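Residue strings, one per chain:
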Amino acid sequence: MFQSGVLGIGDTSGLVVGMLVGLIAGLPFVRGDWKTYADAIFEGMTQEVAATAAVAWLWAGMFANTIQAGGFVDGLVWAANAAEVGAALFPAVTFLLAGLLATGIGTGYGTTTAFVTLVFPAGLLLGTNPNLLFGAILSGAVFGDNLAPVSDTTIVSAVTQDADIGGVIASRVKYAGAAWGLLHLIPVAIVIGTAIRGRHIVEAVSWGLFTAFVLNVMLGYFDLVDVGVSDVLVFMAPESGLATALDTAPLIGAVIETVPAGEAGVGGSLYNGAVGFFPLIVLTLLIVAGAQIMRQGGGFEALQRWLLDTVATTVRRAEVTMVLGTAMVNAMVTINTAAEIAIAPYIRTLGRRFNINGYRRANILDANTSALGYIFPWGGGVLAGYSAMQTLPDEYGWFTVNMVVNPAAVFPYVFHGWFLVAVFIVAAVTGFGREYVSDCESEEVSRV
């Protein structure tokens, strides 16, 4: 909160260092052997739930970058322009298109970055209110992050509440520059359909990734003859006899380029999509380690006992506590998935005490986490868009620094985020959509 909210520094790697400092600062408070404290860190970082989020980010990141390389977002923008959408309706159309993209690729952060880079400048040229437009982009990211089968928050919320992903998504519905680029709706539909049918998340996204690659080749975005598949994966090797020979080879040469020694490296949509999530993955592992220390140190148990004894004394109050507790944790933790992992044990314990169905618990957990991660000025989704927006003056000559939206000014405009929070507060108070274990039992989440 201090780094992002007070200082306005949107640096995930900086948050990693902050978490490391926090773990070190906890050592003097240990009662007994420091080895127990260190073991708790390792125990937390090796939990399966953290690995699940990491796998989801890696596959979703590769998929997102591949379909973006194929002009999917350009196709969506073309469709909006072809429909002659003006400044008044542009934010609404942007919300729908961002929601569609986020639902398909499963990453609200990736959607926010793509739409801020490509759609936000177009909206300003039309005369759209910048705060409203940025809020519409964030709202679309919330929509997709909440509903996407491949979203990290969807997966974590289901796994931590012992519910199958397909059932969670099915139960959630009640709450909630060329036209060829639109053909990338096909791999998006394949990912959504495969995931809902109950196949493993790695399989679902891999099928979508393969389909997106084939479409990119067919549409000419990836030229296998002249350019190779360098937009997907490229090895930039230092100039040498062997590298030059491989570069001219019929098949392997498609993924090899010879460059000066100082420019050697690896690139492409697969590389960029995966590497972009490395700091977030490390941060999540450290957050889970911190949660494990809280758990073994008795902090979670003390807070949970107080909530059960004094606050969550009825099913209605228990669900209200779930909603508000999720909001509190998201206010303190910048990354929504990390916040979700931290609060998940509370939600599970409170829900089980009153026999609340796993689908219902997962919906409460995921909806509020998805929403609030794009509302708070220091939230990861907001900062992802803000960071992308700061690069626009260098890309567009007419875009000035004064056009950059302050994260503190956009939160009232993230309408779908506030809508989701309001829906679940009302649902908790009135009992709308409430299900008990006997109403609909969750299947084992063995495929994740």
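Here we summarise the structure given alongside this text.

The rules behind each value
- Residues numbered from 1 in each chain as written.
- Predicted model: local features only at pLDDT ≥ 70, side-chain atom pairs only at ≥ 80, totals over all residues.
- Heavy atoms only, no water.
- Helix = DSSP H or I, 4+ residues; strand = E, 2+ residues; numbered from the N terminus.
- Buried < 20%, exposed > 50% of the residue type's maximum accessible area, 1.4 Å probe, protein only.
- Areas by Shrake-Rupley, 256 points an atom, 1.4 Å probe, with all protein chains shown as cover.
- Expected span 1.5 Å × (residues − 1).
- Bend = angle between axes of the 7 residues up to and from the residue.
- Polar contact = N/O pair within 3.5 Å; in protein donor to acceptor, adjacent residues only side chain to side chain.
- Patch = residues over 30% accessible without salt bridge, like charges linked within 9 Å, V, L, I, M, F, W, Y side chains within 5 Å.
- Salt bridge = Lys/Arg side-chain N within 4 Å of Asp/Glu carboxyl O.
- Phe/Tyr/Trp six-rings, centres within 6.5 Å; stacked < 30°, edge-to-face > 60°.
- Axes fitted to C-alpha atoms, helices over the stretch in contact; angles between N-to-C directions.
- Parallel < 35°, antiparallel > 145°, perpendicular 65-115°, else oblique.
- Left-handed = near helix turned anticlockwise from the far one by under 90°.
- Contact = heavy atoms within 4.5 Å.
- Nonpolar A, V, L, I, M, F, W, Y, C, P; charged D, E, K, R; others polar.
- Core = buried A, V, L, I, M, F, W, Y, C linked by side-chain atoms within 4.5 Å.
- Pairing = 2+ DSSP bridges.

## What about the overall build of the protein chain?
Consideration 1: Scanning the protein chain from N- to C-terminus turns up 24 helices and 3 strands.
Consideration 2: For the protein chain, buried positions account for 52% of its 448 residues.
Consideration 3: As displayed, the protein chain has an accessible area near 19,000 Å², and 66% of this comes from carbon and sulfur atoms.

## As for helix α19 (residues 336-353)
Consideration 1: Over its 18 residues, α19 runs 25 Å from end to end, which matches the ideal 26 Å to within 8%, given 1.5 Å per residue.
Consideration 2: Most pronounced at isoleucine 343, the bend in α19 amounts to some 45°, and the proline proline 345 follows within four residues.
Consideration 3: A large share of α19 lies buried, amounting to 14 of its 18 residues.
Consideration 4: Just downstream of α19, asparagine 355 is the residue with a positive phi angle, here 60°.

## Regarding the side chain of arginine 360
Consideration 1: When you line up the elements, arginine 360 lands in helix α20 (residues 358-372).
Consideration 2: Given the relative accessible area of 1%, arginine 360 is considered buried.
Consideration 3: Within the local environment of arginine 360, its side chain forms a polar contact with the backbone oxygen of alanine 427, the two atoms lying 3.1 Å apart.

## So, a nonpolar patch on the surface
Consideration 1: Residues Met1, Leu303, Trp306, Met328 and Met332 make up a contiguous nonpolar surface patch of roughly 510 Å² in combined accessible area.
Consideration 2: Elements with a minimum of two residues in the nonpolar patch: α17 (299-311) and α18 (315-332).
Consideration 3: Relative to the helices and strands, tryptophan 306 is located in helix α17.
Consideration 4: A relative accessible area of 47% places tryptophan 306 in the partly exposed class.

## Overview of the packing of aromatic side chains
Two descriptors summarise a pair of aromatic rings, namely the distance from one centre to the other and the angle between the planes of the rings.
Consideration 1: On inspection of all chains with the given rule, the structure shows 4 aromatic pairs.
Consideration 2: Here phenylalanine 95 and phenylalanine 143 contribute two aromatic rings whose centre-to-centre distance is 6.0 Å and whose plane-to-plane angle is 80°, an arrangement assigned as edge-to-face. Here phenylalanine 143 lies in helix α9 (residues 130-147) and phenylalanine 95 lies in helix α6 (residues 90-105), a separation of 48 residues in the sequence.
Consideration 3: Take phenylalanine 95: its relative accessible area is 16%, and that puts it in the buried class.
Consideration 4: Using a relative accessible area of 26% as the deciding quantity, one classes phenylalanine 143 as partly exposed.
Consideration 5: Each member of the aromatic cluster is reached from another via a ring pair, and the members are Phe95, Phe143 and Phe415.

## Examining the packing of α9 against α20
Packed helix pairs are characterised by how far apart their axes lie and by the angle those axes make with each other.
Consideration 1: Two numbers describe how α9 lies on α20: the axes approach to 9 Å, and their chain directions differ by 155°. In terms of orientation, α9 lies roughly antiparallel with respect to α20. With respect to the hand of their crossing, α9 and α20 are arranged in right-handed fashion. Touching Val142, Asp145 and Asn146 of α9 are Asp366, Ala367, Ser370 and Ala371, all from α20.

## Some words on the packing of helix α3 (residues 34-45) against helix α16 (residues 278-297)
Consideration 1: Contact pair α3 / α16: the axes reach a minimum separation of 7 Å and the direction vectors enclose 130°. As summarised for this structure, α3 and α16 are arranged oblique, according to the angle between their axes. Relative to α16, α3 is oriented so that their crossing is right-handed. On α16, the residues touching Thr36, Tyr37, Ala40, Ile41, Glu43, Gly44 and Met45 of α3 are Leu285, Leu286, Val288, Ala289, Gln292, Ile293 and Gln296.
Consideration 2: Its residues assigned to classes, the contact of α3 with α16 shows 9 nonpolar, 4 polar and 1 charged.

## Re unusual backbone geometry
Consideration 1: Residues other than glycine seldom take positive phi values, yet asparagine 355 does so here, at roughly 60°.
Consideration 2: Positionally, asparagine 355 belongs in the loop between α19 and α20.
Consideration 3: We classify asparagine 355 as partly exposed; its relative accessible area is 38%.

## As for the nonpolar core
In summary, soluble globular proteins display a tendency toward joint burial of nonpolar side chains.
Consideration 1: Residues Phe120, Phe134 and Met389 are the most contacted members of the largest nonpolar core, which totals 76 residues.
Consideration 2: Among all residues touching phenylalanine 134, those that are not within four sequence positions of it are Thr112, Val116, Phe120, Val382, Gly385, Tyr386, Met389, Val405 and Val410.
Consideration 3: One finds Met62, Leu209, Ala212 and Ala274 within the second-largest nonpolar core, a separate group that totals 6 residues.

## Considerations on the environment of valine 429
Consideration 1: In this structure, valine 429 sits in helix α24 (residues 415-430).
Consideration 2: Judged by its relative accessible area of 38%, valine 429 falls in the partly exposed class.
Consideration 3: The spacing of valine 429 and arginine 317 is 112 residues in sequence and 7.7 Å in space, taken between C-alpha atoms.
Consideration 4: Ignoring sequence-local partners within four residues, the contact set of valine 429 consists of Arg316 and Val320.

## Looking at the side chain of arginine 361
Consideration 1: Tracing the backbone through its elements, the reader meets arginine 361 in helix α20.
Consideration 2: The contact partners of arginine 361, leaving out residues within four places of it in the chain, are Gln161, Ile347, Arg348, Gly351, Arg352 and Ile356.

## What about the pattern of salt bridges?
Consideration 1: Counted according to the given criterion, the structure contains 3 salt bridges.
Consideration 2: Put simply, lysine 35 and aspartate 39 hold a salt bridge, and the shortest N to O gap is 2.8 Å. Of this pair, lysine 35 and aspartate 39 both sit in helix α3, separated by 4 residues, roughly a single helical turn.
Consideration 3: Since its relative accessible area comes to 52%, lysine 35 is described here as exposed.
Consideration 4: Since its relative accessible area comes to 38%, aspartate 39 is described here as partly exposed.
Consideration 5: Salt-bridge contacts for glutamate 319 lead to arginine 360; the nearest nitrogen and oxygen are separated by 2.7 Å. Note that glutamate 319 is positioned in helix α18 and arginine 360 in helix α20, a separation of 41 residues in sequence.
Consideration 6: Take glutamate 319: its relative accessible area is 0%, and that puts it in the buried class.

## So, the sheet that holds strand β1 (residues 234-238)
Consideration 1: If you trace the 3 strands from one edge of the open sheet to the other, you get β2-β1-β3, paired in mixed fashion. Edge strands, defined here as strands with exactly one partner in the open sheet, are β2 (256-259) and β3 (265-267). With strand direction ignored, the average angle separating the axes of adjacent strands in the sheet is 25°.
Consideration 2: Bridging between β1 and β2 involves 4 bridges; their strand directions are parallel. For methionine 236, the partnering residue across the bridge sits in β2 and is glutamate 257.

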